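# An overview of the molecular structure
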Amino acid sequence: MSLTVPNDLLDQARAGEIDDAAFVACVRDSLPYAWSVISELVQQRDSSGAEFADNHVPPPSEEARGQLLRCLASDAMRGALERHFGVRLAFQNCHRVAVFDPAATEALRDFVTPRAQILNQQPELVDC
């Protein structure tokens, strides 16, 4: 299961739309490793003023890896986090997440090319 959904949020969803803040809180509480990686990258990018910040550290466990994969594979979760943090997210493998300034279109375009994906591959990441 991707998220641990509190009953009040489930009731809210059954009754109609839920707001991003409630959904983001659910993601934060359900996927703490993914949340920490992304929020730390946002802080790095903000403090450096760079177009993007990216993670090169593999997750410490399979559980952490699963959190990151579930979070970034979900369009709803990814979109809510992008809106919440005011960034664009990109993902290359089991851990290489990048946080982009929304105006950094060329840097984002370079990060998501097939060439960048191939250059990011390492033998130890084949089965990550």
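Look up a bit, the structure's there.
This report concerns the structure included in the present document. (Residues numbered from 1 in each chain as written. Predicted model: local features only at pLDDT ≥ 70, side-chain atom pairs only at ≥ 80, totals over all residues. Heavy atoms only, no water.)

At their nearest, the axes of helix H3 (residues 32-48) and helix H5 (residues 75-85) sit 12 Å apart, and the two run at 35° to each other. Read as a crossing pair, H3 and H5 show a hand that is right-handed. Contact with H3, carried on its side by Trp35, Ile38, Ser39 and Val42, involves Leu81, His84 and Phe85 of H5 and no other residues of that element. Here the contact of H3 with H5 is composed, by residue class, of 5 nonpolar, 2 polar and no charged. (Axes fitted to C-alpha atoms, helices over the stretch in contact; angles between N-to-C directions. Helix = DSSP H or I, 4+ residues; strand = E, 2+ residues; numbered from the N terminus. Left-handed = near helix turned anticlockwise from the far one by under 90°. Contact = heavy atoms within 4.5 Å. Nonpolar A, V, L, I, M, F, W, Y, C, P; charged D, E, K, R; others polar.)

Relative to the elements of secondary structure, Glu82 occurs in helix H5. From its side chain, Glu82 meets the backbone nitrogen of Leu89 in a polar contact 2.8 Å long. With residues near it in sequence (within four places) discarded, Glu82 still touches Val87, Arg88 and Leu89. (Polar contact = N/O pair within 3.5 Å; in protein donor to acceptor, adjacent residues only side chain to side chain.)

This part is about the packing of aromatic side chains. Applying the stated rule across the entire model yields 2 aromatic pairs. With centroids separated by 5.1 Å and ring planes inclined at 45°, the aromatic side chains of Trp35 and Phe85 adopt a geometry described as tilted. With a gap of 50 residues between them, Trp35 in helix H3 and Phe85 in helix H5 connect regions that are remote in the sequence. Phe85 shares its class with Trp35; the two are buried. Ring centres of Phe52 and Phe100 lie 4.9 Å apart, and the angle between their planes is 20°; on these two criteria the pair is classed as stacked. Within this pair, whereas Phe52 is found in strand E1 (residues 52-54), its partner Phe100 is found in strand E3 (residues 97-100), the two being separated by 48 residues in sequence. Its relative accessible area of 30% is what places Phe52 among the partly exposed residues. (Phe/Tyr/Trp six-rings, centres within 6.5 Å; stacked < 30°, edge-to-face > 60°. Buried < 20%, exposed > 50% of the residue type's maximum accessible area, 1.4 Å probe, protein only.)

A few words now on the side chain of Arg65. Considering the arrangement of structural elements, one finds Arg65 in helix H4 (residues 62-73). Only 3.2 Å separates the side chain of Arg65 from the side chain of Glu62, close enough to count as a polar contact.

Another aspect to go through is the sheet that holds E3. Sheet architecture is open: 3 strands sit in the order E1-E3-E2, paired in antiparallel fashion. Since the sheet does not close on itself, it has two edges, and those belong to E1 and strand E2 (88-91), each with one partner. The sheet shows a mean angle of 20° between the axes of neighbouring strands, taken without regard to direction. Bridging between E2 and E3 involves 4 bridges; their strand directions are antiparallel. Looking across to E3, one finds that Arg88 is bridged to Phe100. Sitting on the sheet, H3 touches E1, E2 and E3, and the angle it makes with E3 is about 45°. (Pairing = 2+ DSSP bridges.)

Just distances and angles here, no functional claims.
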